[in-house]
Amino acid sequence: MSGYVVGLTGGIGSGKTTVANLFHDLGVQSVDADLVARQVVMPGEVALDAIVQHFGADILQHDGQLDRAALRTKIFANEAEKQWLNQLLHPLIRQRMLQQLAACTSDYALLIAPLLLENNLQIYADRVLVVDVPEELQLSRTIQRDQVPAEQVQNILNSQISRPERLRLADDVVLNTVPVFALQPQIQQLHSRYQQFAKEKLAKSST
């Protein structure tokens, strides 16, 4: 079990996956909050049964999977329904996330979460690493990647914590405005530091 956790976050289009992959190349295991959020609503999970009971069977696709678009439509303009869904899912997501973190065996583990700070998930991390890019780059990257209108991306940006606030809450920052090969030395340096921090934490806990 990894006793040391680094929370990895950043705004949309900042390149969290790129940075996470560089850590993975160094043997660091991770838990992705977005993946966990998908896992807890898979067929056979108690959360999906509760969602079907609450919203009706038309919330499912033909193959029994959750119809995310239909669910988004139902909760989009209804604050009470959104609250109900959050109260159902957030505890389950946190429990599953912590179980997966406990199963990690690398020196330290990454907790990857776009909304780490918005959802107060940093309480489960020893340090917060923010992947940062200027807002105009977030816009252009996301428009290009997802083929969506600028207005839609701007709405997502507006719903996330502001860039200055995110940087204020960061322990470490990776400025992701350079090619991947130029990021590698910085990631290697952080990796060495986190390994050292993990050793120190382990030494403290065993005394």
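Up top is the structure these notes are about.
Asker: How should I be thinking about the packing of helix α4 (residues 68-76) against helix α5 (residues 79-103) in this particular structure?
Answerer: Working note: a packed helix pair is described by the angle between its axes plus the distance between those axes. Where α4 meets α5, the axes come as close as 7 Å, and the angle between the chain directions of the two elements is 125 degrees. Classed by the angle they form, the pair α4 and α5 counts as oblique. Where α4 abuts α5, its residues L71, K74, I75 and F76 lie against E81, K82 and L85. Of the residues in the contact of α4 with α5, the class split is four nonpolar, no polar and three charged.

Asker: How should the pairing of strand β1 (residues 5-9) be read in this particular structure?
Answerer: Every other side chain in a regular strand lies on the same face of the sheet, so the side chains alternate between the two faces. Among the five residues that make up β1, five are buried, leaving the element largely enclosed by the rest of the structure. Residues V5, G7 and T9 of β1 are buried on one face, and the alternating residues V6 and L8, pointing to the opposite face, are buried as well. Direction of pairing for β1 relative to strand β3 (residues 109-112): parallel, over a ladder of four bridges. Looking at β3, one finds that L8 is bridged to I112.

Asker: For this particular structure, what's the right way to read helix α3 (residues 46-55)?
Answerer: Those residues of α3 that fall on the buried side of the exposure criterion are A47, L48, A50, I51 and F55. Projection of α3 onto a plane perpendicular to its axis shows the buried side chains occupying an angular sector of 160 degrees, all on one side. The exposed set on the far side of α3, more than 90 degrees from its buried face, consists of V46 and Q53. Summarising the contacts, the buried residues of α3 are in contact with α4 and α5. Just downstream of α3, G56 is the residue with a positive phi angle, here 100 degrees.

Asker: Looking at this structure, I do not really get α5. What am I missing?
Answerer: The periodicity of an α-helix, 3.6 residues per turn, causes residues three or four places apart in sequence to face the same way. Here α5 is 25 residues long and its end C-alpha atoms lie 35 Å apart, about the 36 Å a rise of 1.5 Å per residue gives. When α5 is considered as a whole, its buried residues turn out to be L85, L89, I93, M97 and L101. Looking at the buried positions of α5, the neighbouring elements they touch are β1, β2 (29-32), α2 (33-39), α3, α4 and β3. The distance from a side-chain oxygen at the start of α5 to the backbone nitrogen of A80 is 3.2 Å, and the residue carrying that oxygen is N78.

Conventions used here
Residues numbered from 1 in each chain as written. Predicted model: local features only at pLDDT ≥ 70, side-chain atom pairs only at ≥ 80, totals over all residues. Heavy atoms only, no water. Axes fitted to C-alpha atoms, helices over the stretch in contact; angles between N-to-C directions. Helix = DSSP H or I, 4+ residues; strand = E, 2+ residues; numbered from the N terminus. Parallel < 35°, antiparallel > 145°, perpendicular 65-115°, else oblique. Contact = heavy atoms within 4.5 Å. Nonpolar A, V, L, I, M, F, W, Y, C, P; charged D, E, K, R; others polar. Buried < 20%, exposed > 50% of the residue type's maximum accessible area, 1.4 Å probe, protein only. Pairing = 2+ DSSP bridges. Arc of directions from axis to C-beta. Expected span 1.5 Å × (residues − 1). Polar contact = N/O pair within 3.5 Å; in protein donor to acceptor, adjacent residues only side chain to side chain.

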